[in-house]
Amino acid sequence: MAMGSFNAQNHQAPTAEINMTPLVDVMLVLLIIFIITAPLMTHSVKVELPRASSTPTPEKPMTLQVAINADNAVFVGSEAVDRSALEQKFRDAVAQDANVEMHLKADKATRYESVAETMSAARRAGLTKIGFVTQPGNE
C-alpha cells in the first residue's frame, strides 16, 4: 500500500460542529452596547409642575348640517332653505361662531352644480371648514 492512500484505519470523518465562540462574542458586545445606551435614552429633565384646580374645557365648534336631496333641494338642519337665502343663512352661522364647521351631505343623484353652488355660497359667507359626509362602502 502507498503511504498516502486512504484506508479504513486512518480515515477521519469531517466534524459537524458549530463554533459558538464568535456568536457569544457578538452577543456580549451587543449586550454591553444596550447596557450603556439604555440609561441615555431615558434621560429627562425633572421638573416639578405646579398644581392647578381648573379643568380644561374643550370647545367643540358649532356644526352646520347641510343636506342636498335628489331633487337638488337644500336643507340646513331639517329646514328647507331657498338658494337665494342660503348665503345669508351661512353668514348668520358664521356670526354666531367664527369656527363653524359645515357638514355637507348630498344624495348620489344630486347634480354636481348644486353641490358647487352650495359650497360657493358657504365660501362667500366665510365658512372655511367644509366636510363631506358619506356612507362607508365595501370596495
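Every value quoted in this text rests on a predicted model; they were computed, and no experiment measured them.

### Quick look at the environment of F132
By the element assignment, F132 lies in strand β5 (residues 129–132). Once the C-alpha coordinates of F132 and H103 are considered, the two residues, 29 residues apart in sequence, prove to be 5.8 Å apart. When sequence neighbours within four positions are dropped, the list of residues in contact with F132 reads L104, V115 and M119.

### Remarks on the sheet that holds strand β4 (residues 101–106)
Taken together, the 5 strands give an open sheet; going across it, the order is β3-β2-β1-β4-β5, and neighbouring strands pair in mixed fashion. Edge strands, defined here as strands with exactly one partner in the open sheet, are β3 (79–81) and β5. The mean angle between the axes of side-by-side strands here comes to 30°, regardless of whether they run parallel or antiparallel. Taken together, the 6 bridges between strand β1 (residues 63–68) and β4 define a ladder with parallel strand orientation. When the bridges of β4 are listed, T63 appears paired with E101.

About the thresholds
Residues numbered from 1 in each chain as written. Predicted model: local features only at pLDDT ≥ 70, side-chain atom pairs only at ≥ 80, totals over all residues. Heavy atoms only, no water. Helix = DSSP H or I, 4+ residues; strand = E, 2+ residues; numbered from the N terminus. Contact = heavy atoms within 4.5 Å. Pairing = 2+ DSSP bridges. Axes fitted to C-alpha atoms, helices over the stretch in contact; angles between N-to-C directions.

In short, the description is geometric, and any link to function would need to be established separately.
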